[in-house]
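# Fold and geometry: a report
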Amino acid sequence: MKEKPIPAPVSSYVKSVIKAPAMLIGCRAIRTVISKPCCEYDIVVLSVDRRPNQVVKLDSHYAELLHISMGATVRRVFLTNSDAVILNDTHDLKLSSIKHAGLGNGGRLMTMSATARRLLISSLLRHYDIERFARKSPVISSMLLKICAYEVVDGVLLFSGLPTSPLHQMDLLRQPILPNQAFSEGISLALEIIGVERATRSVLRRCFPAYSQLALNSYDKSLINEKMRHLYESGLTTDCYYYIGRMCSDILKLREIKFCKSYSKLIQIGMDLSLDIEKLQKWNSQLSALAKTLIRDHRTVIVG
C-alpha cells in the first residue's frame, strides 16, 4: 500500500528547517485511514544534543517534533512504529538500514507486550494509595483510580497488538477486535471507572477550562485544545470526554500527591471524578484483580 502524501508545508519544514535525520510516526504514517483532520504530524528528530519537544503550526497543519538522541532508541522507534516513514536519512543511510534490517513483527509485538506489563504493574502499585485515600481524600483516590483505568486500557490494546494513540482509542474500542473475554472485561471495567456514560456537552464545557489550567505549562497545550475542540464540534461527546480525562491523567500521573491535593477542586472538575467511596473501593479491588489476571495469563501478545 502506498504511503500517504505529506503536505508541502510539513515536507518543506522538515527538509529546509529541521535538516537533521527525521521520520514520521503515529497515525499520519499508518497506511490505513485512521487519522482525523485535527491530528498532528508526529516527527521524530534525531540529534546529538537532545532538545525539548515542541509543537509547530505549518499553515493549517500541526507538527509535533519529538527529539531523541541517535542510538539504540532508533531501533525501538521502528519496533513500536512499523509504519514509520523516513523523511531525512543520515549520510550513511543508517535509518534505512535499521528499518530494512528485518526487525520483524515478532520483535514489535514483544516490545508492545513488555510495555503492557509495565503499565499494568504501574496500576497495581497504586492500589494501596487508592485505598488509603478513599475516605480521607476521595478526590486523590478517584484521580489515581482513573489513571489506573487508562493504563489498563493501554495495556489491553498493547497486548492485542494495537496502537494506543489516545485520540483514536474510542474508535478502536468500538470495534470487535479484542481476542478474549479477559480483555473485554478489562475494557468494560476501565470505561465504567473512567465514566464515559456521564459524558454530556455541559460536563465537557466544565472540563475544558480546568484542563487548560492543569496544562498551563505544557508545550503541546494548543494542539490538545485543538483536538478537544474538533471532537466537541463534531458531536463526538463520549470520545471528547474520554480524551480530556486521558490528557488530564497524563499530566497528573507525573505530579506529586502534594501538588494534586493543592489543586484537588480543579482536578475533580477536569477529570469529572466520582467521589462515591464505596464504588471507589469496589472498583479498586476489581481493577487490581483484573490487572493481576492480565499479567499472569497474557505473557505474550495475542493478536486477534
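Anything mentioned here points back to the structure above.
Because the structure is predicted, anything quoted here is derived from the model rather than measured. (Residues numbered from 1 in each chain as written. Predicted model: local features only at pLDDT ≥ 70, side-chain atom pairs only at ≥ 80, totals over all residues. Heavy atoms only, no water.)

What follows is about the sheet that holds strand β5 (residues 85-88). Strand order in the open sheet formed by five strands is β3-β4-β2-β1-β5, with mixed pairing between adjacent strands. Unpaired on one side and paired on the other, β3 (54-58) and β5 mark the two borders of the sheet. For this sheet, the mean angle separating the axes of adjacent strands, direction not counted, is 30 degrees. Bridge analysis of strand β1 (residues 22-25) against strand β2 (residues 41-47) gives four bridges, and the strand direction is antiparallel. Paired with Ala-22 across the bridge in β2 is Val-45. Against the sheet, helix α1 (residues 8-18) contacts β1, β2, β3, β4 (61-69) and β5, and its axis sits at roughly 10 degrees relative to β2. (Pairing = 2+ DSSP bridges. Helix = DSSP H or I, 4+ residues; strand = E, 2+ residues; numbered from the N terminus. Axes fitted to C-alpha atoms, helices over the stretch in contact; angles between N-to-C directions. Contact = heavy atoms within 4.5 Å.)

What follows is about the packing of helix α8 (residues 181-194) against helix α14 (residues 277-297). Relative orientation of the contacting elements α8 and α14 amounts to 150 degrees, with a least axis distance of 10 Å. The orientation of α8 relative to α14 falls into the category roughly antiparallel. The handedness of the crossing between α8 and α14 comes out as left-handed. Residues Ala-182, Phe-183, Glu-185, Gly-186, Leu-189, Glu-192 and Ile-193 of α8 pack against Trp-283, Gln-286, Leu-287, Leu-290 and Leu-294 of α14. Tallied by class, residues from the contact of α8 with α14 come to eight nonpolar, two polar and two charged. (Parallel < 35°, antiparallel > 145°, perpendicular 65-115°, else oblique. Left-handed = near helix turned anticlockwise from the far one by under 90°. Nonpolar A, V, L, I, M, F, W, Y, C, P; charged D, E, K, R; others polar.)

Here the focus is the side chain of Arg-28. Summarising the element assignment, Arg-28 is placed in the loop between β1 and β2. One buried charged side chain, Arg-28, makes no salt bridge at all; its nearest oppositely charged neighbour is Glu-40, positioned 6.8 Å away. A polar side-chain atom of Arg-28 sits 3.3 Å from the main-chain carbonyl oxygen of Lys-36. (Buried < 20%, exposed > 50% of the residue type's maximum accessible area, 1.4 Å probe, protein only. Lys, Arg positive; Asp, Glu negative; His and termini not counted. Salt bridge = Lys/Arg side-chain N within 4 Å of Asp/Glu carboxyl O. Polar contact = N/O pair within 3.5 Å; in protein donor to acceptor, adjacent residues only side chain to side chain.)

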